[in-house]
Amino acid sequence: MKVFSLALLTLLLAALWTGSQGVSFRSPYSACCYKGMFIQQKIPVSLIRSYQETPSRCSRKAVRVEMLKGKKFCVDPQERWFQQYRLQKESTSASM
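What counts, and at which threshold
Residues numbered from 1 in each chain as written. Predicted model: local features only at pLDDT ≥ 70, side-chain atom pairs only at ≥ 80, totals over all residues. Heavy atoms only, no water. Pairing = 2+ DSSP bridges. Helix = DSSP H or I, 4+ residues; strand = E, 2+ residues; numbered from the N terminus. Axes fitted to C-alpha atoms, helices over the stretch in contact; angles between N-to-C directions. Contact = heavy atoms within 4.5 Å. Disulfide = S-S within 2.5 Å. Buried < 20%, exposed > 50% of the residue type's maximum accessible area, 1.4 Å probe, protein only. Core = buried A, V, L, I, M, F, W, Y, C linked by side-chain atoms within 4.5 Å. Salt bridge = Lys/Arg side-chain N within 4 Å of Asp/Glu carboxyl O. pLDDT = per-residue confidence, 0-100.

Student: Can you help me understand the sheet that holds strand E3 (residues 72-75) in this one?
Tutor: Hydrogen bonds between backbone groups are what pair the strands of a sheet, and the pairing can be parallel or antiparallel. Reading across the sheet, the three strands line up as E1-E2-E3 and stay open at both edges, with antiparallel pairing between neighbours. The open sheet terminates on both sides in strands that have one partner only, identified here as strand E1 (48-53) and E3. Across the sheet, the mean angle from the axis of one strand to that of its neighbour is 25°, orientation sign disregarded. Where strand E2 (residues 63-67) and E3 come together, four bridges link them in antiparallel fashion. Residue pairing across strands places glutamate 66 opposite lysine 72, the latter belonging to E3. Where helix H2 (residues 80-94) meets the sheet, it contacts E1, E2 and E3, and its direction lies at approximately 100° from that of E1.

Student: Just checking my understanding: could you explain the state of the cysteines for this structure?
Tutor: In a disulfide, the sulfur atoms of two cysteines are covalently bonded to one another. Following the criterion strictly, the structure yields two disulfides and no others. Through a disulfide, cysteine 33 is tied to cysteine 74; the S-S separation comes to 2.1 Å. Its torsion about the S-S bond being -80°, the disulfide of cysteine 33 and cysteine 74 is classed as left-handed. With cysteine 33 in the loop between helix H1 (2-21) and E1 and cysteine 74 in strand E3, the pair connects residues that are 41 residues apart, well separated along the chain. For the pair cysteine 33 and cysteine 74, one class covers both residues: buried. By sequence order of its bonded cysteines, the protein has the disulfide arrangement 1-3, 2-4.

Student: What am I meant to see in the nonpolar core here?
Tutor: Side chains of a nonpolar character, in soluble globular proteins, are inclined to be buried together. In terms of nonpolar packing, the biggest core is built from 10 residues, these being Ile39, Ile43, Ile48, Val63, Val65, Met67, Val75, Trp81, Phe82 and Tyr85. Among the elements of the structure, E2 and H2 are those that each provide at least two residues to this core.

Student: What's the story with the pattern of salt bridges in this structure? I'm lost.
Tutor: For the structure on display, the rule yields two salt bridges. Arginine 86 is the partner of glutamate 53 in a salt bridge, and the nearest nitrogen-oxygen pair spans 3.1 Å. You can see glutamate 53 sitting in strand E1 and its partner arginine 86 sitting in helix H2, a full 33 residues away along the chain.

Student: For this particular structure, what's the right way to read the confidence of the model for the protein?
Tutor: Close inspection of predicted coordinates is inappropriate in any region flagged by low pLDDT. In this model, the protein carries an average pLDDT of 80, and 70% of its residues clear a pLDDT of 70 or more. For the protein, H1 is the element with the lowest average pLDDT, namely 56, and E2 is the one with the highest, namely 95. pLDDT under 50 marks residues 19-26. Its contacts with residues more than four places away, or in other chains, come to two contacts.

Written out as structure tokens, the structure is:
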């Protein structure tokens, strides 16, 4: 019983410490896109909420596109439709 209590106390303290340090147990590679995660078809621009490039540590260069309903997809940044979308967004934000 003492061992169980000590283990439980240790886990609780570790959880409190990581929470205060802002450390996450999630993999830093969760923001990466892998082979089976890419979609091939064009996404209607009216459904896109935002996009974000994957970190440089990822093995594949990609863009994570977030839809209005929160779903995320991986897109090849060299796709023509995405390049056009990005240019349109950049020119819109530059003119504001």
